[in-house]
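Reading the structure
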Amino acid sequence: MQNNLKIAFIGGGNMASALIGGLAGRLTDGGNIHVVDPNAESLKKLQAQFGVTTAMQIDAALAKSDVVVLSVKPQQMKEVVQQLRPHVSGQLVLSIAAGIRAVDLSRWLGGHSAIVRTMPNTPALIGKGITGMVAMAGVSGEQREAADAIMRAVGATVWIDDEALIDPVTAVSGSGPAYVFYFIEAMQQAAQEMGLTAEQGNQLAIATFVGASQLAANSSEPVSVLRERVTSKGGTTYAALTSMDGSGVKEAIVKALKAASARGKELGEEFGKD
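Here is a short report on the structure shown in this document.

What counts and what doesn't
Note on numbering: residues in each chain are counted from 1, in written sequence order. Local features in a predicted model are, by the rule used here, given only for residues with pLDDT of at least 70; side-chain atom pairs are given and counted only at 80 or more, and totals for whole chains, interfaces and linings are based on all residues. The basis for every side-chain value is the complete set of non-hydrogen atoms in the structure, without hydrogens or water. Helix numbers and strand numbers start at the N terminus; a helix is a DSSP run of H or I with at least 4 residues, a strand a run of E with at least 2. For every residue, the accessible area obtained with a 1.4 Å probe (protein chains only) is divided by the maximum for its type, and the residue is called buried under 20%, exposed over 50%, and partly exposed between those limits. Here a residue-residue contact requires only that any non-hydrogen atoms of the pair lie within 4.5 Å. Methods summary: accessible areas were calculated by the Shrake-Rupley approach with a probe of 1.4 Å, and residue burial reflects only the protein chains presented. Residues scored as positive are Lys and Arg, those scored as negative are Asp and Glu, and His as well as the terminal groups of each chain are ignored. To locate a charge, take NZ of a lysine, CZ of an arginine, CG of an aspartate or CD of a glutamate. By convention, orient the strands away from the viewer: a clockwise path from the first strand over the helix to the second makes the crossover right-handed. Each pair of strands is called paired provided DSSP finds at least two bridges between the two strands. For the purposes of this section, nonpolar cores are sets of buried Ala, Val, Leu, Ile, Met, Phe, Trp, Tyr and Cys residues that join through side-chain atoms within 4.5 Å. Under the convention used throughout, the expected extent of a helix is 1.5 Å for every residue step, that is, one less than its residue count. It is the directions from the helix axis to the C-beta atoms whose arc is reported. Axis lines are fitted to C-alpha atoms, over the contacting stretch for helices. Their N-to-C directions set the angle, which ranges from 0 to 180 degrees.

What the protein chain contains, in helices and strands, is 11 helices and eight strands. Reported as C-alpha extents along the three principal axes, the dimensions of the protein chain are approximately 70 × 40 × 35 Å. Considering the protein chain as a whole, with its 274 residues, one finds that 39% of them fall into the buried category. Contacts in the protein chain between residues far apart in sequence, at least 24 positions, make up 60% of those at least 6 positions apart. In the form shown here, the protein chain has an accessible surface area of approximately 15,100 Å², with 55% of it arising from carbon and sulfur atoms. Within the protein chain, one finds 23 positive and 25 negative side-chain charges whose respective centroids are separated by 1 Å.

Put into structure tokens, the structure is as follows:
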């Protein structure tokens, strides 16, 4: 990948900042990154930290970019994209917004089809994210490589062929960190109720999640096998998992993820209206 790729970010929030941090000086020079955001303080910080150029509103400078990254809230997307439309011709448009379908972005951009829709997650903030990605038919091979390189700046990437599957991706990995934090909270609460201090519960719960996740990532065996190895019949782990099964924990988690996926589809239909 050439180090002169020109990238424009529409929105300079946390996820955009994480991407810029992974890109500046690696995939491209900081001076090749342009950030548009109405928050002057955010722009000042990004410029000082990464050497990017900035603007508080969309203007003709966007036409010089190779890639335009849409990193605004879903409810703001239609208005922002309509402002962007006069400045987009052959560029790759890369969206990191939940719910907004590529077909709607294309329509708002006057039929532009070089669009990649992505769903990153918050561990991208520490370079440990994973992003689901899908490309429209108008995306060239070179543009696909550029999109992949941009998102790999903050973690791993998974390409899918059907945009409808972005909603399940959102449910599993996009929203997934919240489920992990939720489970950690429960472990911390249980630790305190059983007599451990808050600090001890926090340390034990988080270290357990980190270690178990790394073990799963480094193992060639299914997580079900790893679970079985920790679970001796009649032992403490067996008692815990039997209690969870009796409470329908697994079924509740599956149901919750399906609800998240359905909501993602609803958001696409809601925000995609003209």
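Of the two faces of strand S1 (residues 7-10), the one carrying Ile7 and Phe9 and the one carrying Ala8 and Ile10 are both buried. Taken together, S1, helix H1 (residues 14-23) and strand S2 (residues 33-36) form a β-α-β motif whose crossover is right-handed. Bridge analysis of S1 against strand S4 (residues 67-70) gives four bridges, and the strand direction is parallel. For Ile10, the partnering residue across the bridge sits in S4 and is Leu70.

Glancing now at the nonpolar core. Core analysis: the biggest nonpolar cluster contains 32 residues, and Phe9 and Ile150 have the highest contact counts within it. Of all elements in the fold, only S1, H1, S2, helix H2 (40-50), S4, strand S5 (92-95) and helix H5 (141-152) reach the threshold of two or more residues within this core. Ranked by residue count, the leading element in this core is H1, at six residues. Ignoring any residue separated from it by four or fewer positions in sequence, one finds Ile150 in contact with Ile7, Leu19, Leu23, Leu27, Val67 and Leu94. Membership of the second largest hydrophobic core comes to 24 residues, among which are Ile10, Ala55, Val68 and Val88.

As a further point, take helix H7 (residues 176-193). In this model, H7 (18 residues) spans 26 Å end to end at C-alpha, consistent with the 26 Å of a helix rising 1.5 Å per residue. All of the buried residues along H7 are Gly176, Pro177, Ile184, Gln188 and Ala191. Buried residues in H7, looked at end-on, bunch into an arc of 120°, giving them a common side. Those residues of H7 that are exposed and aimed more than 90 degrees away from the buried face are Tyr182 and Glu193. Lining the buried residues of H7 we find helix H6 (166-174) and helix H8 (198-218). At the exit of H7 stands Gly195, carrying a positive phi of roughly 110°.

Read across the open sheet, the eight strands follow the order S3-S2-S1-S4-S5-S6-S7-S8; overall the sheet is mixed. Every interior strand has two partners, whereas the edge strands, strand S3 (53-55) and strand S8 (155-159), have only one. Within the sheet, the average angular offset between the axes of one strand and its neighbour, ignoring direction, is 20°. Pairing of strand S6 (residues 115-119) with strand S7 (residues 129-135) involves four bridges; the strand directions are antiparallel. Bridge pairing links Val116 to Ala135 in S7.

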